[in-house]
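Analysis of the macromolecular model
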Amino acid sequence: MSVTAVAADQSVCAPLPVLGRDVTVPLVTGGEVTYAALDYAASAPALQRVWDDVAAYAPYYGSVHRGAGYLSQLSTDLFENSRAAVAEFLDCREADQVVFTRSTTDSLNLLAAALPADCQVFVFETEHHASLLPWGNARVTYLDAPRTPGEAVTTLERALADRDPYGPALVCVTGASNVTGELWPVRELAAAAHAHGARIVLDAAQLAPHHPVSVRDLDVDWVAFSGHKLYAPFGSGVLAGRADWLREAEPYLAGGGASRKVARRADGGVDVEWHTTAARHEAGSPNVIGVYAIASACKALAEAGFDDLVARERYLVAKVREGLAGVPEVKVLSLFGDEAPRVGVISFVVRGWNSSHFAAALSAEYGIGVRDGLFCAHPLVRTLLGGDPQDVGECGAPDGGTTSLNAIRVSFGAGTPDEHVDRFVRAVKELVRDGARWKYRTEDGRCVPDRG
């Protein structure tokens, strides 16, 4: 759909206030410009609402769960109310647990550590490494990249039909690709998993900041996401879902908070009774501020209204895609095709340019922050670029070369103003037409302005 059609069809809301929207950065060509943060897929800026909530709470910060003082009691209430806010944001079932972690990666590693014995895991090669790599202690089946949503479902169904039907199994799938931004058929994949006696975990790191995520509606068993992609970059993440595997597993970390009772035995050893609640996997002093920040972001996004946020993002996606389509040298990467619905994540390559060189020029000459490389999804990017997905991936600019199996990723979200994407499209066209205005060199695997 064109920009004009999207704008006419949808009421496009204003961007949400975020920190850094007025930050200026120097250009190698002279002067300064307001920074265009277009790397949301890696870390989104903090919502102003989140920052304000954290700042208001900070003077009242205290230890949680075991402190008798007023600030400890206040912090405990805030921590547990944040858990309830996240459960509401995800539309969790009554018996589900919300466990606070450090990130999506930490959440999926926690779940991997909680898998029952002899569990089979099914994961597409298209996953982010956080979803691709944690399952080393299980029997893992890696599935080839599908080229349509329907093919994703049939590929999974065939793999599950061939498995041992009596053992536990888990499917891990992304909600939105961190490379192409394309939405995956999560509800259909969950139905296929459950039809074959398997469970499913949703990596919602790129989905939750852009679309509503309902555990009930999607019928997933677990969902994982990170605060730093949800406009709450304070070092916390979430694993939410069914309690049984988590309750039966050994604690992810052994220590205070995870233990209910500890006693010495007559033989000199120690007996431990572990919690059966989410505390079982939250040993140590929790990141109260990070947890509160996530809850604040969840509330802010829900109050802003996902219908409006999705409409605005669809408008920005159309702007970028329409602009890039007008540059023949640009190839946008896609699994499911141009018409596939997607979030604000677009990766591309430019004929005749090394991706690191192009990204460096966008930053140094236009004040635009994007990302280049393989995006912690090496097999997927290499498949999309026509390389061997089994090759070992390596990010950065090759010494002395002009091409590589790397790409450029532009990503945006609820805080992105029109001017940032307009400047990006204009910069791409100018760089392709006129070339870089500055000389660049490779330093520690990165392409940087040559200031010598």
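1. What about the side chain of D106?
Topologically, D106 is positioned in helix α4 (residues 104-113). A residue is classified by how much of its surface remains accessible, and D106, at 9% relative accessible area, is buried. A distance of 2.8 Å separates the side chain of D106 from the side chain of Y252, its partner in a polar contact. Not counting the four nearest positions on each side in its chain, D106 is found in contact with T101 and Y252.

2. Considering the sheet that holds strand β17 (residues 407-411)
Picture the strands of a sheet paired through backbone hydrogen bonds; they go either parallel or antiparallel. Ordered by their spatial adjacency, four strands build an open sheet running β13-β14-β17-β16, and the pairing between neighbours is antiparallel. The two strands at the open ends of the sheet, each matched to only one other strand, are β13 (330-332) and β16 (371-373). On average, each strand axis in the sheet is tilted by 30° relative to the strand beside it, whichever way the strands run. Sheet topology note: the β16/β17 ladder contains three bridges and is antiparallel. Following the sheet pairing, D372 is matched in β17 by I408. With respect to the sheet, helix α11 (residues 306-325) is in contact with β13, β14 (345-350) and β17, its orientation differing from that of β14 by roughly 10°.

3. Focus on the sheet that holds strand β9 (residues 222-226)
Ordered in space as β4-β10-β9-β8-β7-β5-β6, the seven strands form an open sheet in which the pairing is mixed. Every interior strand has two partners, whereas the edge strands, β4 (97-101) and β6 (139-143), have only one. Averaged over all pairs of adjacent strands, the angle between their axes in this sheet comes to 20°, without regard to strand direction. As paired strands, strand β5 (residues 120-124) and β6 are joined by five bridges and run parallel to one another.

4. Quick word on the nonpolar core
One recurring pattern in soluble globular proteins is that nonpolar side chains are buried together. Within the largest apolar cluster, 82 residues are counted, with the highest numbers of intra-cluster contacts made by V86, L90, L156, L202, F225, L230 and V238. For this core, the leading source of residues is helix α10 (residues 288-304), giving nine residues. Contact partners of V238, with chain neighbours within four places excluded, come to V86, L90, V98, V99, F100, T101, S107, V223, A224, F225 and I294. Counting residues in each nonpolar core, the second largest holds 35 residues, with V28, V327, W353 and V421 among its members.

5. Quick notes on the pattern of salt bridges
Counted under the stated rule, the structure contains 26 salt bridges. R49 is the partner of D53 in a salt bridge, and the nearest nitrogen-oxygen pair spans 3.0 Å. Of this pair, D53 and R49 both sit in helix α2 (residues 48-57), four residues apart, roughly one helical turn. In this structure, the salt-bridge partner of E80 is R83, at a minimum N-O distance of 2.9 Å. One end of the pair is E80 and the other is R83, both in helix α3 (residues 70-89) and three residues apart, which spans about a single turn. Judged by its relative accessible area of 13%, R83 is buried. Salt bridges here are not isolated pairs; linked through shared partners, they connect D39, R371 and R409.

6. Brief notes about the packing of α3 against α10
Two numbers describe how α3 lies on α10: the axes approach to 9 Å, and their chain directions differ by 40°. By the criterion of interaxial angle, the relationship of α3 to α10 is oblique. You can see that α3 and α10 cross each other, and the crossing is left-handed. For the pair α3 and α10, the contacting residues are S75, L78, F79, S82, A85, V86 and F89 in the first and V288, V291, Y292, I294, A295, C298, K299 and L301 in the second. Residues belonging to the contact of α3 with α10 are distributed by class as follows: 12 nonpolar, two polar and one charged.

7. Quick word on the packing of aromatic side chains
Inspection of the entire model under this criterion finds 12 aromatic pairs. Plain terms: the ring middles of W353 and F358 are 4.9 Å apart, the flat faces sit at 85° to each other, and that makes the pair edge-to-face. By the burial criterion, W353 is buried, and F358 matches it. In this structure an aromatic cluster arises from ring pairing among F348, W353, F358 and F424.

8. A closer look at empty space enclosed by the protein
Gaps left between atoms are located by rolling a probe of water-molecule size over the structure's atoms. Under the counting rule described, the total for this entry stands at two cavities of 30 Å³ or more. Quantified by volume, the largest cavity comes out at close to 60 Å³. What lines the largest cavity is P209, H210, Y231, L309, R312, E313, G413 and A414. Broken down by class, the residue content of the lining of the largest cavity amounts to four nonpolar, two polar and two charged. Considered as a void within the structure, the second largest cavity measures approximately 40 Å³ in volume. Forming the walls of the second largest cavity are Y40, A41, A44, A205, Q206, P209, H210, K229 and Y231. Its residues assigned to classes, the lining of the second largest cavity comprises six nonpolar, two polar and one charged.

9. Looking at a nonpolar patch on the surface
A cluster of nonpolar residues, Y60, Y70 and L71, forms a patch on the protein surface that exposes about 340 Å² of accessible area. Inspection of the secondary structure puts Y60 in the loop between α2 and α3.

10. Remarks on helix α7 (residues 186-195)
Residues of α7 that are buried: V186, L189, A190, A192 and A193. In a view along the axis of α7, the buried residues occupy a sector of 160°, so they form one face of it. Taken from the residues just after α7, G197 is the one with a positive phi, measuring 75°.

11. Some thoughts on the side chain of S214
Inspection of the secondary structure assignment puts S214 in the loop between β8 (199-203) and α8 (215-218). Under the relative-accessibility criterion, S214 is labelled buried at 15%. Each residue touching S214, except ones within four places of it in the same chain, is listed here: L90, D91 and D219.

Calculation rules
Residues numbered from 1 in each chain as written. Predicted model: local features only at pLDDT ≥ 70, side-chain atom pairs only at ≥ 80, totals over all residues. Heavy atoms only, no water. Helix = DSSP H or I, 4+ residues; strand = E, 2+ residues; numbered from the N terminus. Buried < 20%, exposed > 50% of the residue type's maximum accessible area, 1.4 Å probe, protein only. Polar contact = N/O pair within 3.5 Å; in protein donor to acceptor, adjacent residues only side chain to side chain. Contact = heavy atoms within 4.5 Å. Pairing = 2+ DSSP bridges. Axes fitted to C-alpha atoms, helices over the stretch in contact; angles between N-to-C directions. Core = buried A, V, L, I, M, F, W, Y, C linked by side-chain atoms within 4.5 Å. Salt bridge = Lys/Arg side-chain N within 4 Å of Asp/Glu carboxyl O. Parallel < 35°, antiparallel > 145°, perpendicular 65-115°, else oblique. Left-handed = near helix turned anticlockwise from the far one by under 90°. Nonpolar A, V, L, I, M, F, W, Y, C, P; charged D, E, K, R; others polar. Phe/Tyr/Trp six-rings, centres within 6.5 Å; stacked < 30°, edge-to-face > 60°. 1 Å grid on protein atoms, 1.4 Å probe; cavity = no way out; pocket = protein on both sides within 12 Å on 5 of 7 lines; lining within 4 Å. Points joined across faces, edges and corners; volume = space filled by probe spheres on them. Patch = residues over 30% accessible without salt bridge, like charges linked within 9 Å, V, L, I, M, F, W, Y side chains within 5 Å. Areas by Shrake-Rupley, 256 points an atom, 1.4 Å probe, with all protein chains shown as cover. Arc of directions from axis to C-beta.

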